[in-house]
Amino acid sequence: MNEEITSRIKALKKEKDVVLLAHYYVDGAVQEIADYVGDSFYLAKVATKVKESNILFAGVSFMGESAKLLNPSKKVVMVDASADCPMAHMVTKEKIAQVRAEYDDLAVVCYVNSTAEIKSVSDVCVTSSNALDVVRNTKAKNIFFVPDNNLGRYIATKLPEKNFIFNDGFCHVHKSIVKEDVLKAKEARPGAEVLTHPECTMDVLEVSDFIGSTSEIIDYATASDKKEFIICTEMGVFFELMQKNPDKKFYSVGHRQFCPNMKLVTIDKVLNVLETMEPEVILPDDVMETAKKPLELMLELAK
Ligand code: 13P
Ligand code: SF4
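Bear in mind that the values here come from a model prediction, so they are computed numbers and not experimental data.

Participant: Any chance you could explain the packing of aromatic side chains here in plain terms?
Facilitator: Aromatic rings considered in pairs are described by the distance between their centres and by the relative angle of their planes. Applying the stated criterion across every chain, the model contains three aromatic pairs. For the ring pair Phe 164 and Phe 166, a centre distance of 5.9 Å and an interplane angle of 15 degrees mean the geometry is stacked. A relative accessible area of 11% places Phe 164 in the buried class. Between Phe 229 and Phe 250, the aromatic rings sit 5.5 Å apart at their centres with planes inclined by 20 degrees, giving stacked as the arrangement. Linking Phe 229 in strand 11 (residues 228–232) with Phe 250 in strand 12 (residues 249–251), this pair joins segments that are 21 residues apart in sequence. Given a relative accessible area of 0%, Phe 229 falls into the buried group. Note that Arg 153 overlies the ring of Phe 166, its terminal NZ or CZ placed 4.1 Å from the centroid.

Participant: Can you walk me through the pairing of strand 3 (residues 54–58) in this structure?
Facilitator: Side-chain positions along a regular strand alternate between the two faces of the sheet. Counting buried positions over the five residues of strand 3 gives five, a clear majority of the element. Residues of strand 3 alternate between two faces, with Asn 54, Leu 56 and Ala 58 on one and Ile 55 and Phe 57 on the opposite face, all of them buried. Summarising the sheet, strand 1 (residues 18–23) and strand 3 pair through five bridges and their orientation is parallel. Bridging from a neighbouring strand, Ala 22 pairs with Ala 58 of strand 3. Across four bridges, strand 3 lies against strand 4 (residues 75–78) in parallel orientation. When the bridges of strand 4 are listed, Phe 57 appears paired with Met 78.

Participant: How should I be thinking about the nonpolar core in this particular structure?
Facilitator: General note: in soluble globular proteins, nonpolar side chains tend to be found buried as a group. Judged by nonpolar contacts, the single largest core of 112 residues is most densely connected at Leu 56 and Ile 231. Those residues in contact with Leu 56, other than ones at most four positions away along the chain, are Val 18, Val 19, Leu 20, Leu 21, Val 77, Met 78, Val 79, Val 270, Val 273 and Leu 274.

Participant: Before we go on, may I ask you to explain the packing of helix 12 (residues 214–223) against helix 13 (residues 237–244) in this structure?
Facilitator: Two quantities define a packed helix pair, namely the angle between the axes and the distance from one axis to the other. The interhelical angle for the contact between helix 12 and helix 13, taken along N-to-C directions, is 25 degrees, at an axis separation of 10 Å. As the angle between them shows, helix 12 and helix 13 are arranged roughly parallel. As helix 12 packs across helix 13, the resulting crossing turns out to be right-handed. On helix 13, the residues that touch Thr 214, Ile 217, Ile 218, Asp 219, Ala 221 and Thr 222 of helix 12 are Val 237, Glu 240, Leu 241 and Lys 244. Here the contact of helix 12 with helix 13 is composed, by residue class, of five nonpolar, two polar and three charged.

Participant: Explain the packing of helix 4 (residues 61–70) against helix 15 (residues 285–301) here, please?
Facilitator: At a minimum axis separation of 9 Å, helix 4 and helix 15 run at an interaxial angle of 95 degrees. Between helix 4 and helix 15, the angle is such that the two are roughly perpendicular. Counted together, Ser 66, Lys 68, Leu 69 and Leu 70 of helix 4 and Val 287, Met 288, Ala 291, Lys 292, Leu 295, Glu 296 and Leu 299 of helix 15 form the full contact between these two elements. Partitioned by chemical class, the residues of the contact of helix 4 with helix 15 number seven nonpolar, one polar and three charged.

Reading the values: the criteria
- Residues numbered from 1 in each chain as written.
- Chains lettered and ligands numbered in written order.
- Predicted model: local features only at pLDDT ≥ 70, side-chain atom pairs only at ≥ 80, totals over all residues.
- Heavy atoms only, no water.
- Phe/Tyr/Trp six-rings, centres within 6.5 Å; stacked < 30°, edge-to-face > 60°.
- Buried < 20%, exposed > 50% of the residue type's maximum accessible area, 1.4 Å probe, protein only.
- Helix = DSSP H or I, 4+ residues; strand = E, 2+ residues; numbered from the N terminus.
- Lys NZ or Arg CZ within 6 Å of the ring centre and 35° of its normal.
- Pairing = 2+ DSSP bridges.
- Core = buried A, V, L, I, M, F, W, Y, C linked by side-chain atoms within 4.5 Å.
- Contact = heavy atoms within 4.5 Å.
- Axes fitted to C-alpha atoms, helices over the stretch in contact; angles between N-to-C directions.
- Parallel < 35°, antiparallel > 145°, perpendicular 65-115°, else oblique.
- Left-handed = near helix turned anticlockwise from the far one by under 90°.
- Nonpolar A, V, L, I, M, F, W, Y, C, P; charged D, E, K, R; others polar.

If you want it as C-alpha cells, here you go:
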C-alpha cells in the first residue's frame, strides 16, 4: 500500500476523531487500515461501543444507516454514498402492510440488508450470523422474512416450529454461485471443504460442508485442520482468510463472486472523505425513531 496515503489516513483519523469500520467484502487495502473489520453483526455491535465521535463506514448504505440508527449523536460518513446493496430494495412497505393484514401473530423479520425505511415498518432485524437465535427467540408463530428469500428459506429449515412467509429478494452475487460450478470445483479439489454464505441458493447450501456469515466462514477455516477450502461468498473474504491462514489454500467457484457495490470502496476515497467528512448519513427524524427499534431488539435477542 502507498505509505504516503496510509500515514495521511492515520493522521486524519486521529486529528478528526474518526473510527474506520470496514466489511470483509471491501478491498484488502481498506481492510488493512481499518480499525475494525467484520461481518454485519460485529460491525453493528462495534458501532455502539466506539469512543470516537465520528464513524467512517467502508461498506454499503444499509451498514452506514444501521450505524447511524444505533448512534444518533455520532456523525456517520460513507466512503462512497453510491455503494448500495440492490437486495436492500427488494421489498416494499406496501407488501409488508399486505402480509400484516393477512396474518395474526406475525413478526416481520428484516434482514439487516434492507433500507432504513423498511426497518421502520419491521419488528426485528437479523444478520446472517444471528438470524437463527433471533427468530427462535421471537414469540410470533408466523414469520414474514424480508427481503432475502435464500436466508429466509435456510433459517426456516432449522425452525420447523415457525410458519414462514417468504419474500422474493436475493443477492445477485450469491445467486450467481451455482451448484454445477461448486460440484466442478469439488471435483477439481477432492480434499477441499465447501464453506458457504446462507445468501446462496438452497441447492448450493445442500452441497456445502459449512454454512455461515463472513466472520463464521473465516473462523471455521482458521480453526479447521483441513488445508483446502472452496469459498462460496464474495471474494473480499479471501484477504482475511489468507492473512490468518498463510499455510492454507482457498479457491473461488467462478469469476462472478464480486460485489460491484462493495468494490466502490477504495483506499483513495477513504483519504478524500477524511479530508471533507462528507457524505454524511442523514435520515428523517421519524425514520430515526422507528427504524432503530428492530435493530435494538436484534442486539437484545441475539445476546
Ligand atoms: P455478513 O458479513 O453479515 O455475513 O453479510 C454478508 C453481506 O452480504 C453483506 O452485504
Ligand atoms: Fe448486497 Fe450481495 Fe453485495 Fe452483500 S454481496 S452488499 S448482499 S449485493
